[in-house]
Structures are given as structure tokens and as C-alpha cells.
Amino acid sequence: MKKEWILESNNSNEKSLIKRLLFSRGLKTDEEIKEFLNPLEMTLTSPFAFTDMEKAVSRLSKAIDEKETIIIYGDFDADGVTSTSVLYKTLKYLDANVHYFIPDRENEGHGFDKGALIKLMTTIKPKVIISVDCGISDVDAVRFINSFKIDTIITDHHEAPEELPEAFAIINPKAPNALDESLSAKQIEHLTYLAGCGVAFKVAQALLQKYEKTEFVYEILPFVAVGTVADVVPLLGENRYFVTKGLDLISKGKHYGIQRLLESAGYKIENGITSENIAFGIAPRINASSRLDTVKPALDVLISENPHEINMAVDTLNELNKVRQTLCQEVFEQADKMVQKEGNKNPAIVLYSEGWGIGIIGIVASKLVEKYYKPVFLMTYIKEKDQFRCSARSIEGVPLYDVIEANSALLDGFGGHKLAAGLSFTGEKTPFEIVKKALNETVKEYVATKELKPFIKIDLMLDAQDVTTDLIEEISKLEPFGASNPSPIFAMSGLKVTQKRLMGSDNSHLRLTVSSGATDFTAIWWKKGDIGLTSGDSLDIAFHPQLNEFNGNVSVQLIVDDIHSEVLPDEEIVSQCSYKIYDNRGKTGILTNVNDYIKTSKLNIKIFAESKYILDTVKSYPEIASRTFTRQDIPSCDVVMFFDYPADKQTLDFILEKAQPKGVHFMNYEPKILDEQEFLKIFTGMLKFASHNNGGKFELVRCASFLGKSLKIFEMLLALYEEVGFIKILDKNSSFYTIEFLGVDDISKILHSEKYAQIFELIIECEQFQKSLLEDNLEQILL
């Protein structure tokens, strides 16, 4: 699906590029800009701004002082694991009698599990249970804990339901009345951005203040940086401080386990650590632990003091991450085939399989959202429990939590955010198809009145002279990058391609050399493969700049986010098919470009062209002309380009079934409507030729191909010609007729026949189908 470029509003009168960037992101006053660019100078909101913090600290300090047993009940994703680490290390430092528990993703799921709670209460016998990154929706479970006279403190950051648990204290910025009324609207907004580890940090900070040991915050800030980046919460407000300071501490070697994990992923801490290094190097490895096994290796990396144990855990995480990548690809391919089979009739993708791991489906759902740009609900079915468990991902404009909450009566439980959520239900209570229908109907309400399509936000349009090493130095002032503060995307227009080549062992990456006047740039488009650009083509490019060092030379290269070009086919528009559809119907004068593209492409490209007019037109383009085929000789190939349009759906489907292409291009087409007299004159001539020069053998497919009509038309015409005495049919089969031509004395015998009126209707249908292929929605036609 082609991405729309949205240029953010900016102050064109401002000369400073950094100020133009910040202006486009809503930072307009000097005070806002100063705070944003200097996050370490920020004054953090007091942890006691949470209305229940005094109660929580009082209860925890009593447990610490009296050696009561405390259990930290965590969650198994990177945010949950780092949240657990924040409180565990802090409470240990304060000499608390503390244990931690993180539920098994497969068997116990998110939040409090009653079976796990019973085991904890009978073996460890806690006096206080404090949740991190979970618990806000667990009304029944907290009531269950309360019945054992155990105090529950909930720390969470997920959306709060209408009914809250009856906990001893709730520390969640999104819960009603959770924050001091004296806070400014800006302070409240920034606190709602906190990840689970950020909320846990506030509790740790409050405890450390009580015990006057605040210097320990620098031991736990690396955890907060990792969890905040991994949970993809906005890197605004206090989150900028947490991540900036945490990354600085990690870069200085503050945390051995995180350092080793980064090094194993190929990053050198002496070069400085960025939020991108955490997002791509640390978070997937921590998450792989719980997705495929237990979280123990991840926790060992974070909280162990034993270097040998840490190194073993790092190796385990790397191995699990490799397995996770393989499993994700397998499940993605399975789910993608199911989407293609189901078609594009629903506003959301809702699928399940008994074989899908609960730890994998969230990642796969994200990949499907990226491909199809619609909300995705992927579920695994646990047969022994008759339970469906779902990970869901969404797009801007369709808030998942609200969609799921609207159908909560069908579910056993749910939770999450606008763009990511989870739910569960039992098949006996609510069949899968009922839930699927309900989710689709709710999503439909959100998408019915708006056009949702993928887009790229362009921060600024630049000229070639703007793209320098100084630019990269300037934009580095905006780091750390992440959610709500992405790495800036710029755009340049009117560039020329001077060179193109593919990179990688499987040629999956594209490297272009593009120029603007005398200035050349290298542009890399990762995982794009080949596209229809050749030397001399014009293009506009959306990119983020990156320093490239080679043989001591430093230059700027462009990491491509998207390309717009008149010579390029539009992006895939029929995503549910087993092939990509490219819409070039409105493009004229591109035969030279297409010819060059075919010449340089490594794909096996074939051209569907039957009519004499089209064949004559492409004669001057040897690469196109040498690859033409008709419905008589359909080849297997990578790509089919329709220069002629099939006369009916049956012929179109037959071509695609035989060719099995990965890509299908619909080129510009001008329907040629023959006069009835001319049409019958040509047909009669073909009959005469077959009778006199081909032993009476008349090939149906060849005739249909030459005249661009359906086979049915010529079967009916042959029967009519025999009926009026123009020919005699001696034999026939599905491929050809054997005829004797008797002569045509008056063509009006055909034209005035009632049967010809039926034939004429079929001719009109063929022309209408070709016209529809030219003008209408290809997605609807090809379903």
C-alpha cells in the first residue's frame, strides 16, 4: 500500500534547523525547547505526587524494618522484567526480606494468577505483595489476596478499568484520583507516559528518600532506561531524563550484564549507547526469554552479581533470540496465508491456531499490521483449557483498549493500551466466531467515517546543501529517539538516479547513488530488494541521514524510508492475494523506463499482449517485445505485466493461476472497440483461412486471443454461422473446431438473428470488464 507523505507544520522563517524541527514537534517556547534539549537538568516530579505513595512507602518500610516477607509480582516482558529488577535491587539494598515472582507466559499469563498466588502464599507466606507492570485490572484476584490478610500494593501503568481492585495502595498514573490535584496538566500528562519500570522507579525513589539513600538511584536507572525504551512509551517528559541518564550510565560501564548483552549484539559501549541499540539489541533478547522459556536468564543478566552466571545467561538469551526469529517467520507465513485465503472483507484481521505460541503472536501481529495496515488480533487456542488467548496490535485511529472494552462481556479478561493489548476467553462461554464478528463490528465503527492508510511524517523538506555532517550533529541533540520523539525523517525532491545495485547474500537490500546537481549521495533501503528505477530516473526520497565511515573518510549516507517516483509502479494495493498488485493504469509515456527496468531486473518478467495494436506498439522496445505471451502460451514467471486486459474474469484468473506470479502490474490500456461489421468481417476471414489453408482446423483460443474476447462468444458464433449456412462443423473439441467454409452471402443474416443479440451482449460484457479493469478498484475486481 503506497504511503502518503505528511509534512509536519514548521516555522519556515526560523533559520535554526533544530528549532524548526522542535517547532514541527510542538515545542514552541524557549522554556519548552530548553527543557527538551537538556533533559538531565529537568526537575523530576516528587514520587509523593502519587496520592497513595505515602501509604505504600509506610507499608513497605514497616515490612522492611520488621523483616516481613515481601513478594514482587512482576510481568514477563522487558518492561515487567526491568520493573521487577528495579524494586528487587532497591529492596535488597534496603535489607528487605524480599522475593520476586514472574508468571509463566504460557500457563499463567499477564497479571495475578490464582494458582500461582496459592503456591506463593503457602510456600513463601508473604505479608505484602507488590505488583509491577500489572494488576490494575485484577479485581477478583486482589479480593482473593485480601481474604488471606495480605496487603496488596499495585504499581502499574496500563489503562485502568471502571472498577478498581480493593488494594492497600494503587500507584498508577492512569487510575482515577491517582495524582495530586496540585500538579499542572503538563506534569500529569508526563506522568501518564511512564512505563511500568518508571512507576516502579517512583516507588523505589520514594523509599530511598525515606531511608536517605538516594544515591542508589544511579544503580537502578539503567533498568529504567531499558524498560522505558522496550515498552515503546513516549520519550517525553521524565522519560527523557530516565533514558538519557540510564544510557549515560550504561555507556560508562555501570551495569556489567547490560554491557555484556549489548556487546554480544555487536555494540561497543565505548562508542556510546543509543536508544536504538536498546530497542534492537537488548529488548528482543530479554523478551525472547519469556516467549520461549522462562525469564530466569533475563533476570540473571539484570540482577545477578556473578559474572560467570551473567555470561552464561547472555549466551542463553542469544540462542533463544535466534529460535524466536525462526518461529516468528514460520507463524507469520502461516497467518499470512490465512489472511490471503480469507480475503479483504473484514476491517480487522482476527485469526487463531492451536499451534501458535503465546509468546510469538504479538510480534507476528505487529508484522501483519505493517503489511496490511489494519488492526490484528492473533490468538492461540489451548485445547486442554478450551481457552483462546490473544495478542492484538492496531493502527492510529483505532484504539485497541476501547475496542476490546466494548466487547468485555464476551471475554474472561483483557488489558493494554491504544496500540497493543491482550484478551482471553473460553470457547464454551463465547465461540471464536462470535468474538471475531464482534471485534470486526466494533473496528468497523471506527474506520467507517475515515480513510485510514499508511503514512510517513516528514519533519522537514531539505535541499542537498543542508544534508551534511553538521546536520547529523544537530539532530543528535534531540536524542534519545523513540516513541513520540522518533529519529527525524527528512525529504528531498528532484533527485536523479546515477547508479543502482542490490546488496546482501540474498539481494534483499537496495543501494542507490542519487544526485542533486553536483552533489552525490549513497542511499540504502534495507530489505526492499529491487525496484523499477534505472539511471537517469527522477525521484523524491524520504530518509534519515547517517554517518558512514570508510577508510578514514566520513560521509553522509541516506537511510531510505520511502521513495516516490513517477516511473515507479504504485505500491501493493491488494495485500490479501498471493501476489502483489501494482497499479500503473494512469501512467503514460513510460515504455522506455519499463524497458530499462526489465533489462536490469533479475526477475523473470513476462508481458501479456494479444492484440495487434499492442504488439505493434511494443515492437520498438526489445525487452518488452521479447517477453510477450498470450493466453495460448502462458509461462510460469515472477511478474506479469498486463499491457492487454483479459476479456473476462475467467481468462484473468486462468492466466494468474498458470503463471503463478509474485507481482502483477496493470499498465495503461486503451480499449479498442471494433465496429460490429468489422468484427464479423475479421471473424469470417479467419474461418475462410482455416478452411482453405489449415485443413479446416479453427483454433478457438487463438481466435479469442487475436480478437480479445471470451471463448464463449466464438463458440456461439460458430453455432450461429452453421445455423445460417455459412459453415459446416465437421468435428469439435475444447481446443478447436474442424469446419468447412460454405460462403457468406449476406452478413445481415447474422446481425438480425435473435441469437446474435445474445452474442452481442457478451461482447459488451467483455468490453465492460476491460473498462472496469482500467477504471475501477482492482481490489474488488480481483476478490
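Structure first, text after, so check above.
It should be emphasised that the depicted structure is a prediction, and the values quoted were computed from it without experimental measurement.

## Remarks on the overall build of the protein
Each helix and strand counted, the protein has 28 helices and 26 strands in total. With the C-alpha coordinates of the protein rotated into their principal frame, the extents come out at 115 × 70 × 50 Å. The proportion of buried residues among the 783 residues of the protein is 52%. Nonlocal contacts in the protein, meaning residues at least 24 apart in sequence, comprise 66% of its contacts between residues at least 6 apart. Accessible area of the protein: about 35,600 Å², with a carbon and sulfur share of 48%.

## Quick look at the packing of aromatic side chains
Scanning the model with the defined rule gives 26 aromatic pairs in all. Ring geometry for Tyr645 versus Tyr669: centroids 4.3 Å apart, planes at 25 degrees, classification stacked. A residue pair is termed long-range when its members are at least 10 positions apart, and Tyr645 in the loop between β22 (639–642) and α22 (649–659) and Tyr669 in the loop between β23 (663–667) and α23 (676–693) qualify at 24 residues. Accessibility expressed as a relative area gives 2% for Tyr645, which makes it buried.

## Topic: helix α5 (residues 114–123)
Each α-helix turn comprises 3.6 residues. Residues three or four places apart therefore point the same way. Listing the buried residues of α5 in full gives Ala116, Leu117, Leu120 and Met121. An end-on view of α5 places all buried positions within 130 degrees of arc, on one side of the element. Facing away from the buried side of α5 by over 90 degrees, the exposed positions are Lys119 and Thr123. In this structure, the buried residues of α5 make contact with β2 (69–73), β3 (97–101), β4 (128–132) and α6 (139–146). The distance from a side-chain oxygen at the start of α5 to the backbone nitrogen of Gly115 is 3.2 Å, and the residue carrying that oxygen is Asp113. Lys125 sits one or two positions beyond α5 and adopts a positive phi of about 55 degrees.

## Some thoughts on the pattern of salt bridges
Under the criterion given, the structure shown has 31 salt bridges. For Lys649, the salt bridge goes to Asp653, with nearest N and O atoms at 2.9 Å. Taken as a pair, Lys649 and Asp653 lie in helix α22 at a separation of 4 residues, close to a single helical turn. The class of Lys649 is partly exposed, set by a relative accessible area of 25%.

## Observations concerning the nonpolar core
Grouped together as the largest cluster of nonpolar side chains are 78 residues, with contacts concentrated most on Ile70 and Ile278. In contact with Ile70, other than residues within four places in its own chain, are Leu60, Ala63, Ile64, Leu91, Ala96, Asn97, Val98, His99, Val128 and Ile130. The next biggest cluster of nonpolar side chains, apart from the first, holds 41 residues, and it includes Val350, Ile360, Val369 and Ala392.

## Points about the pairing of strand β12 (residues 455–458)
Of the two faces of β12, the one lined by Ile456 and Ile458 is fully buried and the one lined by Phe455 and Lys457 carries no buried residue. Two strands pair when backbone bridges link them, and strand β1 (residues 4–7) and β12 are joined in this way by 4 bridges, in the parallel orientation. Bridge pairing in β12 links Trp5 to Ile456.

## A look at the sheet that holds strand β20 (residues 605–608)
If you walk across this open sheet you meet the 5 strands as β19-β23-β22-β20-β21, and the pairing is parallel. In the strand order of this sheet, the two ends are held by β19 (580–584) and β21 (628–629), each with one partner. Inspection of the sheet shows β20 paired to β22 by 4 bridges, in the parallel sense. Pairing of Ile605 across the sheet is with Val639, part of β22.

## Topic: the packing of helix α4 (residues 78–93) against helix α9 (residues 217–230)
Contact geometry of α4 with α9 gives a least axis separation of 8 Å together with a crossing angle of 165 degrees. When the axes of α4 and α9 are compared, the pair comes out roughly antiparallel. Where α4 crosses over α9, the two elements pack in a sense that is left-handed. Residue-level contacts link Ala78, Asp79, Thr82, Ser85, Val86, Lys89 and Thr90 of α4 to Ile220, Phe223, Val224, Val226, Gly227 and Ala230 of α9. Tallied by class, residues from the contact of α4 with α9 come to 7 nonpolar, 4 polar and 2 charged.

## Some words on unusual backbone geometry
The omega angle of the peptide bond from Glu479 to Pro480 is 5 degrees, so this bond is cis rather than trans. Considering the arrangement of structural elements, one finds Pro480 in the loop between α18 (469–475) and β14 (490–503). We note that Val232 has phi near 55 degrees; this positive angle belongs to a residue other than glycine. The exposure class assigned to Val232 is exposed, which follows from its relative accessible area of 59%. One non-glycine residue, Asp386, lies in the positive phi region at around 50 degrees. Look at Asp386 and you get partly exposed, because its relative accessible area is 22%.

## Topic: the sheet that holds strand β8 (residues 376–382)
Strands sit in the order β7-β8-β9-β11-β10 across an open sheet of 5 strands; the sheet is mixed. Each edge of the open sheet is held by one strand with a lone partner, namely β7 (349–353) and β10 (413–416). Between one strand axis and the next, the sheet turns by 15 degrees as a mean value, whatever way the strands run. Here strand β9 (residues 387–393) pairs with strand β11 (residues 420–426) via 7 bridges, running antiparallel. Residue pairing across strands places Cys390 opposite Leu423, the latter belonging to β11. In this fold helix α17 (residues 432–447) packs onto β7, β8, β9 and β11, with an angle of close to 160 degrees to the strand it touches most, β7.

The rules behind these values
Residues numbered from 1 in each chain as written. Predicted model: local features only at pLDDT ≥ 70, side-chain atom pairs only at ≥ 80, totals over all residues. Heavy atoms only, no water. Helix = DSSP H or I, 4+ residues; strand = E, 2+ residues; numbered from the N terminus. Buried < 20%, exposed > 50% of the residue type's maximum accessible area, 1.4 Å probe, protein only. Contact = heavy atoms within 4.5 Å. Areas by Shrake-Rupley, 256 points an atom, 1.4 Å probe, with all protein chains shown as cover. Phe/Tyr/Trp six-rings, centres within 6.5 Å; stacked < 30°, edge-to-face > 60°. Arc of directions from axis to C-beta. Polar contact = N/O pair within 3.5 Å; in protein donor to acceptor, adjacent residues only side chain to side chain. Salt bridge = Lys/Arg side-chain N within 4 Å of Asp/Glu carboxyl O. Core = buried A, V, L, I, M, F, W, Y, C linked by side-chain atoms within 4.5 Å. Pairing = 2+ DSSP bridges. Axes fitted to C-alpha atoms, helices over the stretch in contact; angles between N-to-C directions. Parallel < 35°, antiparallel > 145°, perpendicular 65-115°, else oblique. Left-handed = near helix turned anticlockwise from the far one by under 90°. Nonpolar A, V, L, I, M, F, W, Y, C, P; charged D, E, K, R; others polar.

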